[in-house]
Amino acid sequence: MKQRRPSFFSFPALLVMGVLITLVLYVLFPRQAAFEDLRYYDDPDAVSIAYLETLLKADPENISLRINLARMQRQAGQLDKAMATLQPLIEQEQVPSRAFESYLDLVISRLHATSTEDGRQTLQKELKTALQRLMSMEYSALRKQELAEPALPLLDLSDQLD
């Protein structure tokens, strides 16, 4: 008489448990792609920003995540943090177009937020330097124009012509 080996779980039970565990993990830990949806960033809150900061620490090479975190930080008024978040991308020789757009938006926001004349002049110089660098980027002429348009009125006429 052949004895049956005792088993803790049957194969179908293990399969069902595996599916349930996968489903729970998927619900509890959403994919980063959810944070790449620009509609998510319309109204940033502290929890969302903290979560993106944690994701960025886990994956510092994720360009899209870095850009979106900087946008959220800028919208929340955390201008210095946003600049620190974007800095690794801005230091690259060829900056991704969306990163450069976020950088220009950030400089413009900082320019509007400054209250001193010295601070304003410093940021105008930074903006002028950024626009000069924009011209050396390998973007299309139309994209360069789109990026430069919001910044040009903030510069003096002599700076615009340089």
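None of these values were measured; they are calculated from a predicted model. (Residues numbered from 1 in each chain as written. Predicted model: local features only at pLDDT ≥ 70, side-chain atom pairs only at ≥ 80, totals over all residues. Heavy atoms only, no water.)

1. Focus: the overall build of the chain
Broken down by element type, the chain carries 8 helices and 0 strands. Counting from the amino terminus, the chain carries its helices and strands in the arrangement α-α-α-α-α-α-α-α. Across the 162 residues in the chain, those meeting the buried criterion constitute 32%. Accessible surface computed for the chain: about 11,000 Å², of which carbon and sulfur atoms make up 58%. (Helix = DSSP H or I, 4+ residues; strand = E, 2+ residues; numbered from the N terminus. Buried < 20%, exposed > 50% of the residue type's maximum accessible area, 1.4 Å probe, protein only. Areas by Shrake-Rupley, 256 points an atom, 1.4 Å probe, with all protein chains shown as cover.)

2. Re the nonpolar core
The biggest cluster of nonpolar side chains holds 29 residues, and the ones touching the most others in it are Phe100, Leu104, Leu127 and Leu134. When contributions to this core are tallied by element, the ones reaching two or more residues are α3 (63-75), α4 (79-90), α5 (97-113), α6 (117-136) and α7 (141-148). With 8 residues, α5 is the single largest residue contributor to this core. Leave out the neighbours within four places in its chain, and Leu127 touches Leu104, Val107, Ile108, Leu111, Ala151, Leu154 and Leu155. (Core = buried A, V, L, I, M, F, W, Y, C linked by side-chain atoms within 4.5 Å. Contact = heavy atoms within 4.5 Å.)

3. Observations concerning α5
Here α5 contains 17 residues, and its C-alpha end-to-end distance of 24 Å stays within 8% of the 24 Å for a straight helix at 1.5 Å per residue. Along α5, the positions that sit buried rather than exposed are Ala99, Phe100, Ser102, Tyr103, Leu104, Leu106, Val107, Ile108 and Leu111. The secondary structure elements touched by the buried residues of α5 are α3, α4, α6 and α7. (Expected span 1.5 Å × (residues − 1).)

4. Re the packing of α3 against α5
A pair of packed helices is captured by two measures, namely the crossing angle of their axes and the spacing between those axes. Put simply, α3 and α5 touch, their axes get as near as 10 Å, and they point 20° apart. Viewed along their axes, α3 and α5 adopt a mutual orientation that is roughly parallel. Regarding α3 and α5, the two cross each other, and that crossing is left-handed. Contact residues: Ser64, Ile67, Asn68, Arg71 and Arg74 in α3; Arg98, Ala99, Glu101, Ser102, Asp105, Leu106 and Ser109 in α5. Among the residues making up the contact of α3 with α5, the classes are represented as 3 nonpolar, 4 polar and 5 charged. (Axes fitted to C-alpha atoms, helices over the stretch in contact; angles between N-to-C directions. Parallel < 35°, antiparallel > 145°, perpendicular 65-115°, else oblique. Left-handed = near helix turned anticlockwise from the far one by under 90°. Nonpolar A, V, L, I, M, F, W, Y, C, P; charged D, E, K, R; others polar.)

5. What to know about the side chain of Gln73
By the element assignment, Gln73 lies in helix α3. The buried category is assigned to Gln73, whose relative accessible area is 2%. If sequence neighbours within four positions are ignored, Gln73 has contacts with Ile49, Glu53, Gln78, Leu79, Lys81, Ala82 and Thr85.

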